[in-house]
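If you want the building blocks of each chain, they are given just below.
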Amino acid sequence: MAKQPEDWFEEPDALPQEEEDDEIIWVSKSEIKRDAEVLKKLGAELVALSKTQLERIPLDEQLLEAILLAQKIKREGLRRQLQLIGKLLRARDPEPITTALDKLKNRHNQQVVLLHKLEDLRERLVTGDDTVTEEAVALFPHLDRQQLRALIRNAKKEREGNKPPKAYRQLFQYLKELAESA
């Protein structure tokens, strides 16, 4: 047996190793699993969105393809695809995606509030007097008063005659168009 030099088993300097240990942040397995579960839920939220909503979220091509595929899959395959989406999200910064998703949800909430306000205004226009009409004119200065009064009058006639609410719906659509153009 050939004799090897005694310095072949020398350990590297201990000092650089200690510096590297100070920079390492230890994360428990439970925390890693919790983070993975959060990203999997984020992936499920993304899968639930429509294609037009997905266009508003900053997704790379690979992640977008995985989400679109998951929208077509059912049952066990969907669960596995969601795990893949979670894995893809772990390799990316999820912050821009969550920010865009929050904005999308908030926009939806704002739309719902606006529609409720328009429904309330429509009801007050049909049941109220001319002061409510003036309030509507103040809200939407570019509205056509004549068209508004005709829609209100027709809606009142429908309500009195127990007819289907065609003009009532038209009044709401007119108010909605005014709100969107403002």
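The structure under discussion appears in the preceding block.
What comes next is a walk through the structure. What you are looking at is a predicted structure, and each value in this text was computed from that prediction instead of being measured.

Turning to the overall build of the protein, a few remarks are in order. Secondary structure assignment for the protein yields nine helices and zero strands. When the helices and strands of the protein are placed in sequence order, the string is α-α-α-α-α-α-α-α-α. Every one of the 182 residues in the protein was classed for burial, and the buried ones make up 26%. Carbon and sulfur atoms provide 52% of the accessible area of the protein, an area that totals close to 13900 Å².

All right, on to the pattern of salt bridges then. Tallying each qualifying case throughout the model produces eight salt bridges. Note that Arg-79 is salt-bridged to Glu-76, the shortest N-O span being 2.5 Å. With Arg-79 and Glu-76 both in helix 5 (residues 75-90) and three residues apart, this pair spans about one turn of that helix. Where salt bridges share partners, they join Asp-120, Arg-124 and Glu-135 into one cluster.

Turning our eyes to something else, we now look at the packing of helix 6 (residues 95-127) against helix 9 (residues 166-181). Close contact between helix 6 and helix 9 brings their axes to 10 Å; oriented N to C, the two are set at 130 degrees. The angle between helix 6 and helix 9 falls in the class oblique. Like other packed secondary-structure pairs, helix 6 and helix 9 cross with a definite hand, here right-handed. Of the residues in helix 9, those in contact with Leu-114, Leu-115, Leu-118, Glu-119, Leu-121, Arg-122, Glu-123, Leu-125 and Val-126 of helix 6 are Tyr-168, Arg-169, Leu-171, Phe-172, Leu-175, Lys-176 and Ala-179. Residue composition of the contact of helix 6 with helix 9, grouped by class: 11 nonpolar, no polar and five charged.

This paragraph deals with the nonpolar core. Counting 21 residues, the largest nonpolar core has Leu-121, Leu-125, Phe-140, Leu-143, Leu-148, Leu-171 and Leu-175 as the members making the most contacts within it. At the level of secondary structure, the elements contributing two or more residues to this core comprise helix 6, helix 7 (130-139), helix 8 (145-160) and helix 9. Examining the composition of this core, we find that eight residues originate from one element, helix 9, more than from any other. When neighbours within four sequence positions are excluded, Leu-121 is seen to be in contact with Val-132, Ala-136, Leu-139, Phe-140 and Leu-175.

A few words on unusual backbone geometry. Even without a glycine there, the phi angle at Arg-75 is positive, about 55 degrees. Here Arg-75 is to be found in helix 5. One non-glycine residue, Asn-162, adopts positive backbone phi at about 50 degrees. Looking at the element boundaries, Asn-162 is found in the loop between helix 8 and helix 9.

Okay, the layout of surface pockets next. Put simply, the largest pocket is a space of about 190 Å³. In terms of lining residues, the largest pocket is bounded by Glu-45, Leu-49, Gln-53, Arg-56, Leu-101, Leu-104, Lys-105, Arg-107, His-108 and Gln-111. Among the elements that take part in the lining of the largest pocket, helix 6 stands out by supplying six residues, more than any other. Its residues placed into classes, the lining of the largest pocket shows three nonpolar, three polar and four charged.

Helix length check: helix 6 (33 residues) gives 48 Å between terminal C-alpha atoms against 48 Å at 1.5 Å per residue, within 8%. Where helix 6 is concerned, the buried positions are Ile-97, Ala-100, Leu-101, Leu-104, Leu-118, Leu-121, Arg-122, Leu-125 and Val-126.

Take the side chain of Gln-81 next. Along the chain, the position of Gln-81 falls in helix 5. Residue contacts for Gln-81: discarding those within four places in its chain leaves Ala-66, Leu-69, Ala-70 and Ile-73.

With that settled, the discussion passes to the environment of Ser-28. Counting through the fold element by element, Ser-28 comes out in the loop between helix 1 (14-23) and helix 2 (29-47). A polar contact is formed between the side chain of Ser-28 and the backbone nitrogen of Glu-31, at a distance of 3.2 Å.

Reading guide: rules and limits
Residues numbered from 1 in each chain as written. Predicted model: local features only at pLDDT ≥ 70, side-chain atom pairs only at ≥ 80, totals over all residues. Heavy atoms only, no water. Helix = DSSP H or I, 4+ residues; strand = E, 2+ residues; numbered from the N terminus. Buried < 20%, exposed > 50% of the residue type's maximum accessible area, 1.4 Å probe, protein only. Areas by Shrake-Rupley, 256 points an atom, 1.4 Å probe, with all protein chains shown as cover. Salt bridge = Lys/Arg side-chain N within 4 Å of Asp/Glu carboxyl O. Axes fitted to C-alpha atoms, helices over the stretch in contact; angles between N-to-C directions. Parallel < 35°, antiparallel > 145°, perpendicular 65-115°, else oblique. Left-handed = near helix turned anticlockwise from the far one by under 90°. Contact = heavy atoms within 4.5 Å. Nonpolar A, V, L, I, M, F, W, Y, C, P; charged D, E, K, R; others polar. Core = buried A, V, L, I, M, F, W, Y, C linked by side-chain atoms within 4.5 Å. 1 Å grid on protein atoms, 1.4 Å probe; cavity = no way out; pocket = protein on both sides within 12 Å on 5 of 7 lines; lining within 4 Å. Points joined across faces, edges and corners; volume = space filled by probe spheres on them. Expected span 1.5 Å × (residues − 1). Polar contact = N/O pair within 3.5 Å; in protein donor to acceptor, adjacent residues only side chain to side chain.

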